[in-house]
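So the chains spell out like this:
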Amino acid sequence: MDVLLFTFFALVAIVGAVSLVVQKHPISSALSLVSVMVALSVLFLLLGAEFIAAAQLVVYSGAIMVLFVFVIMLLNAGAERESRKAGLAQFLGLPLTAALLVFASYVITQSMSNAKAVKFGAFTGGGPREVGWTLFTQYLLPFEVTSILILVAIAGAVVLARKEID
Amino acid sequence: MDFILLSILKTAIAAPVLLGTLAYLVWIERKVLAHVQLRIGPSRVGPHGLLQPIADAIKLLTKEDFIPSYVNKFYYWLAPWLALMFAVTAISVIPVGPVVEVFGIKTNMGQADISIGLLLILGLTGMGVYGIALAGWSSNNKYSLLGGLRSSAQMIAYELPMAMAIASPLLIVNTLNLREIVNAQAGYTFGIVPNWNVLGGGLQIFSFIIYLICAFAETNRIPFDLPEAENELVSGYNTEYSSMKFAAFFMAEYCNIITACSVATTLFLGGWHPIIPNELGGQFLPTLICMFFAGVLFYHALNPSRPSDRLSMGVIGAVILGLGLMFQVPVVKDLAQPLFWFASKAGFLIFFFIWVRGTVPRFRYDQLMRFAWLFLFPAALLNLLVTAFIVAVKSN
Amino acid sequence: MSQFLPPGFFTATVPLNAYLILSAILFAIGACGFLFRKNIITIYMCIELMLNAVNLSFVTFSYQFGKVDGQIYSFFVMVVAAAEAAVGLAIILTIFRNLGTLQIDEIDSLKN
C-alpha cells in the first residue's frame, strides 16, 4: 500500500512539475502546480505530518494558488511569447540543473545510509496537538517574528496594489 | 472485518443516500421558496411534484451536451467535475453518529475519523473554488469570467472570518477531530440546557452567526450569490454549461450547502446529541415529532383541499408514522436516533438557507467586499480575542 | 480482502531516500523552470515549487529523526511563502499596470 501510494503520488508530483515548466499558458502552469501541491500533501500524510498536510491544502492550494489564479485571470495574461533574447541560462540551464540533481542524489544516498524505511503510521508526532505544542513553546519567538513579517507583507501589498500610484 | 471492505460498504450506503438527498433538496428548496412567495411550486410530476427530481435528472441526462466552439475544451470539461469532486469528498469526514456496534462489528458512523478533520474540510472547500474559477475562465465569455473572478475573490475574503469563527469554539473543545468535538459537547448544564458550543458549552453565539454568514458566501448562496447573479451576469460562471456538466455544478453547490450545515451542526449544535436529556424523555422526542407531523398529514388527508390529497397525504403520513415508531425498535434505535438528531439539526440549517434565499436581496459587489473586510473580519477577530481571554481566565 | 492481494501489500515500505530524491527532482525542475521561463508569474510559481520541494525534505527529515521540528520549519516556509505571494503578486500587478507586459525580458528599463 505504501509503495503503491508513494509511487502514484510521486509520479503525479513529477508530471505536474514538468507540466508547470513546459506549459505555455500561466493558467495551465498554475493548475499543474496545484496538482503537485495536492500530491505532496498526500506524501506528507504518508510521512505522518498530518497538520502540515492539512496546512498545505489550506494555505498553499486553497489560498496562495487561488490568489495566483485570480491574478492571472484578472490580468487576462495570455500564453507566453517566444523570447528573442536567448540568454546564457538557455544553454547552461539544463546541464547545470541535471548536474545539481545528480549531485544531490549522490549526496543523499551516500550520507543517509542509516535512513529508516517509511511506513505509514510509524511516526505519529505530527498531529495538530504536537505541532501546536512545539510551535508555541520552543519556537515561540520565530512564530512571533513571522507574524510581524506577515503584517509588513499585508501593509506592503496594500500600498503596492493601490490604484493611484504615481 | 477488513477496514477496506467496511469503508466500501459505508460508501455504498452513503453515496445513494447523498445523491437522493441532493435530488430531493432541490425539490424542498423549490417548494419552500414557492410557499415563501405564496406560490405552489412543482406540482405536476407525481403527487405534490414528488417525482420532479427524477424528471429533472432524466432531462439533464438526456439533454445534448453542448460545447461552444470558442471554449478551452480541456478546462471546460474539467471544471464541473473538479467542483463536484471536492464538494463530495469533504462530506466524507463528517461523523453523523457515535461509535456503534452493529452485528458485532464496532464502527463509527461516518466515513473517516481523522485528527485533522476540520482542517481537511476547510482545505477541500477552499479547493472547490478552482472548479468555479476555471469554469469562468475556460468559457471564454466575459460574464463567465466576471463570475469566476468574483467567486475567487469572495472565497478568499470570506475564508478568513470563517476560519476565525471556527477557531473560537476550537479553543473550548481543544481538538480538530470532528468526533471529539461532538463528544466534548455532551451533557447538560443544570440538567436541561445542552452543552452545545452555541448554548451552555461556551455561548459561542457570535461565532455561530459569523460562521453562518461566511457559509452563505462560501456556498455562493443569496445574499452572496454574486458569482452567478443572473440579472447582471446572465448566469455567471455556468452560463455556457448545459446537461450533465451543469448538473455537476448544481450538485456541487448543494453538496457544499450540506457540508457547511453539517460542519455548523458538529461544531456549534452538538452533533448527534439530543436537545433534551434522555432522562427527561429525549429518546422519545424523535417519535413524538414524527407523530406530530403524521398527525398533521392525517388531518389534511381527512380534510383534503384537492381530491388526490386523500390518498397522498395519508400514505406519506403513514410512512412518517412508521419512521417515528422505528426510533423505538431496540436494535435500530442506537443507529437511528443519533442520525435523526444530526439530520434534523443540519436540516433546520438547510431550511434556514432556503428561507434566507426567499427573504434577503442580493448584495452589491462593493458592499460584499466592504462587509467582509471592514465588519466581518474585525468582528471575528474580536470574538476570537474575547473567547481566548475567557478560556485563559477559566483555565487559571 | 487481504487474501486477494499480493503478499506484502500492506507491509512493504518505501526507503526514505526515495522521498529525498523526489524532493531533489522537484527542486531541479523548479530551478529549470526558473531559468527557462519568461513569464513573471510562471517564474514565481517555479519558486513556489522549489519551496515545496524543500518542505518535502524538511518533513522527511522530521520522520527520520522522529521529531516534529522539521515540520515546524516547513510550517514557517509556508507562512513566508504566503507573505511572499501577497507582496509578489502586488508587485506583478503594479508592473503590469505600468508597463503592460509580463515578459521578464521586456521589463529592462528603469524609466518607462
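Conventions we followed
- Residues numbered from 1 in each chain as written.
- Chains lettered and ligands numbered in written order.
- Predicted model: local features only at pLDDT ≥ 70, side-chain atom pairs only at ≥ 80, totals over all residues.
- Heavy atoms only, no water.
- Helix = DSSP H or I, 4+ residues; strand = E, 2+ residues; numbered from the N terminus.
- Contact = heavy atoms within 4.5 Å.
- Areas by Shrake-Rupley, 256 points an atom, 1.4 Å probe, with all protein chains shown as cover.
- Rg over C-alpha atoms; globule rule 2.2 N^0.38 Å.
- Buried < 20%, exposed > 50% of the residue type's maximum accessible area, 1.4 Å probe, protein only.
- Lys, Arg positive; Asp, Glu negative; His and termini not counted.
- Charge placed at Lys NZ, Arg CZ, Asp CG, Glu CD.
- Core = buried A, V, L, I, M, F, W, Y, C linked by side-chain atoms within 4.5 Å.
- Expected span 1.5 Å × (residues − 1).
- Buried area = accessible area lost by both parts, 1.4 Å probe.
- Polar contact = N/O pair within 3.5 Å; in protein donor to acceptor, adjacent residues only side chain to side chain.
- Phe/Tyr/Trp six-rings, centres within 6.5 Å; stacked < 30°, edge-to-face > 60°.
- Domains from an automatic or database assignment.
- Patch = residues over 30% accessible without salt bridge, like charges linked within 9 Å, V, L, I, M, F, W, Y side chains within 5 Å.
- Salt bridge = Lys/Arg side-chain N within 4 Å of Asp/Glu carboxyl O.
- Axes fitted to C-alpha atoms, helices over the stretch in contact; angles between N-to-C directions.
- Parallel < 35°, antiparallel > 145°, perpendicular 65-115°, else oblique.
- Nonpolar A, V, L, I, M, F, W, Y, C, P; charged D, E, K, R; others polar.

Asker: Please clarify how the overall build of chain C should be interpreted in this entry.
Answerer: Scanning chain C from N- to C-terminus turns up 3 helices and 1 strand. In chain C, the order of α-helices and β-strands from amino to carboxyl end is β-α-α-α. Long-range pairs, those at least 24 residues apart, make up 53% of the contacts in chain C between residues at least 6 apart in sequence. Carbon together with sulfur atoms contributes 70% to the accessible area of chain C, which is approximately 4500 Å² in total.

Asker: Sorry, what's going on with the overall build of chain A here?
Answerer: A count of helical and extended segments in chain A gives 6 helices and 1 strand. Ordering the α and β elements of chain A from the N terminus gives α-α-α-α-β-α-α. Relative to the 2.2 N^0.38 estimate, which gives 15 Å for 166 residues, the radius of gyration of chain A is 20 Å and therefore markedly larger than a compact globule would have. By principal-axis analysis of the C-alpha atoms, chain A measures approximately 55 × 40 × 25 Å. Classification of the 166 residues of chain A by burial places 43% in the buried group. Long-range contacts, defined as pairs at least 24 residues apart, comprise 64% of the intrachain contacts of chain A with a sequence gap of at least 6. Summed over its atoms, the accessible surface of chain A is roughly 8600 Å², and 73% of this surface lies on carbon and sulfur atoms. Placing the 9 positive and 8 negative side-chain charges of chain A at their respective mean positions leaves the two points 7 Å apart.

Asker: Just to check I follow, could you spell out the nonpolar core for this structure?
Answerer: The nonpolar side chains of soluble globular proteins are, as a tendency, buried together. Core analysis: the biggest nonpolar cluster contains 163 residues, and Tyr211(B) and Ile41(C) have the highest contact counts within it. Considering each element in turn, this core owes the most residues, 17 residues, to helix H3 (residues 50-75) of chain A. Non-local contacts of Tyr211(B), meaning those with residues more than four positions away in its chain, are made with Met162(B), Ala165(B), Ile166(B), Ala260(B), Val263(B), Ala264(B) and Phe268(B). Phe327(B), Ala336(B), Phe340(B) and Trp341(B) belong to the second-largest nonpolar core, a separate cluster that totals 5 residues.

Asker: Help me out: how do you make sense of helix H3 (residues 69-99) of chain C in this one?
Answerer: Side chains that are three or four residues apart share a direction in an α-helix, a result of its 3.6 residues per turn. End to end, H3(C) covers 44 Å across 31 residues, agreeing with the expected 45 Å (1.5 Å per residue, within 8%). Of the residues one or two after H3(C), Gly100(C) is the one with positive phi, at around 70°.

Asker: Sorry if this is basic, but what is going on with the interface of chain C and chain A here?
Answerer: By a widely used convention, the size of an interface equals the accessible area lost when the partners come together. Contacts between the two partners involve 78 residues from chain C and, on the opposite side, 88 residues from chain A. Regarding the contact of chain C and chain A, the summed buried area is about 7500 Å², with carbon and sulfur atoms giving 75% of it. Interface area lost by chain C to chain A is led by Met45(C), Tyr63(C) and Met78(C), which between them contribute 10%. Seen at the junction of chain C and chain A, the total is 6 residue pairs in polar contact (both at pLDDT 80 or more). Contributing elements (two or more residues each) for the side of chain C that touches chain A: strand E1 (14-15), helix H1 (16-36), helix H2 (40-65) and H3 of chain C.

Asker: For this particular structure, what's the right way to read the packing of aromatic side chains?
Answerer: The geometry of an aromatic ring pair is captured by two quantities: the separation of the ring centres and the angle between the planes. This structure, assessed with the given rule, holds 31 aromatic pairs over all chains. Between the aromatic rings of Phe51(A) and Phe75(C), the centroid separation amounts to 6.0 Å while the plane-to-plane angle is 45°, which identifies the pairing as tilted. With Phe51(A) in helix H3 and Phe75(C) in helix H3, this pair bridges two chains. Relative to Tyr44(C), the ring of Phe68(A) lies with its centre 6.1 Å away and its plane at 50°, an arrangement referred to as tilted. Remark: Tyr44(C) occurs in helix H2 and Phe68(A) occurs in helix H3; the pair is interchain, linking two chains. We note that Phe68(A), like Tyr44(C), is buried. Through a chain of ring-to-ring contacts, three or more aromatic side chains come together here, namely Phe51(A), Tyr139(A), Phe58(C), Tyr73(C), Phe75(C) and Phe76(C).

Asker: How should I be thinking about the side chain of Glu253(B) in this particular structure?
Answerer: Mapped onto the secondary structure, Glu253(B) falls in helix H10 (residues 243-268). Residues within four places of Glu253(B) in sequence aside, it is in contact with Thr219(B), Asn220(B), Arg221(B) and Glu228(B).

Asker: Would you mind showing me how to read the side chain of Asn220(B) here?
Answerer: Structurally, Asn220(B) can be placed in the loop between helix H8 (205-218) and helix H9 (230-233). Excluding its chain neighbours within four sequence positions, the residues that come into contact with Asn220(B) are Ile132(B), Ser151(B), Gln154(B), Asp225(B), Pro227(B), Glu228(B) and Glu253(B).

Asker: In this structure, what is going on with the domain arrangement of chain A? I would like to understand it.
Answerer: What the domain assignment reports for chain A is domain 1 (1-79) and domain 2 (127-166). Between domain 1 of chain A and domain 2 of chain A, the C-alpha centre-to-centre distance is 22 Å.

Asker: Is there a simple way to think about helix H1 (residues 3-36) of chain B in this case?
Answerer: If you check H1(B), its first and last C-alpha atoms are 46 Å apart, about what 34 residues at 1.5 Å a residue would give, namely 50 Å. Once H1(B) finishes, Leu38(B) follows within two positions and takes phi at roughly 60°, a positive value.

Asker: Just checking my understanding: could you explain the environment of Leu170(B) for this structure?
Answerer: The residue Leu170(B) is located in helix H6 (residues 142-173) in this model. As for Leu170(B) and Ile13(B), which are separated by 157 residues in sequence, their C-alpha atoms are 31 Å apart.

Asker: I would appreciate a short explanation of a nonpolar patch on the surface in the present structure.
Answerer: Residue and element names in this part refer to chain B. On the surface, a cluster of nonpolar side chains totalling about 620 Å² of accessible area is made up of Leu382, Leu385, Val386, Phe389, Ile390 and Val393. As for its position among the elements, phenylalanine 389 is in helix H14 (residues 365-395). In this structure phenylalanine 389 comes out as exposed when scored by relative accessible area, which is 58%.

Asker: It is not clear to me how the environment of Ser242(B) should be interpreted in this structure. Could you clarify?
Answerer: Residues and elements named next belong to chain B. Position of serine 242 relative to the elements: it lies in the loop between H9 and H10. Residue serine 242 is classed as buried on the basis of its relative accessible area, which comes to 17%. Separated by 179 residues in sequence, serine 242 and lysine 63 place their C-alpha atoms 7.8 Å apart.

Asker: Looking at this structure, I do not really get the pattern of salt bridges. What am I missing?
Answerer: Two side chains with opposite charge may pair up if their charged atoms get near one another. All names here are of chain B. Going through the model one piece at a time under the given rule, you end up with 6 salt bridges over all chains. A salt bridge links glutamate 29 to arginine 221; its shortest N-O distance comes to 2.9 Å. With glutamate 29 in helix H1 and arginine 221 in the loop between H8 and H9, this pair connects stretches of sequence that are 192 residues apart. As far as the burial class goes, glutamate 29 and arginine 221 line up, both buried. Each of Glu29, Arg221, Glu253 and Arg357 takes part in one network of salt bridges that share partners.

Asker: What is the right way to read unusual backbone geometry from this model?
Answerer: Note: most residues except glycine have negative phi, and most peptide bonds are trans. The residue Leu38(B) is not glycine, and still its phi comes out positive at about 60°. Positive phi is not limited to glycine here, since Asn220(B) has a value of about 60°.

Asker: Explain the packing of helix H5 (residues 128-137) of chain A against H3(C) here, please?
Answerer: For any two helices packed against each other, the geometry is given by the interaxial angle and the distance between the axes. Put simply, H5(A) and H3(C) touch, their axes get as near as 10 Å, and they point 75° apart. Between H5(A) and H3(C), the angle is such that the two are roughly perpendicular. Residues Val131(A), Thr134(A) and Leu135(A) of H5(A) pack against Gln71(C), Ile72(C), Phe75(C) and Phe76(C) of H3(C). In terms of residue class, the contact of H5(A) with H3(C) is made up of 5 nonpolar, 2 polar and no charged.

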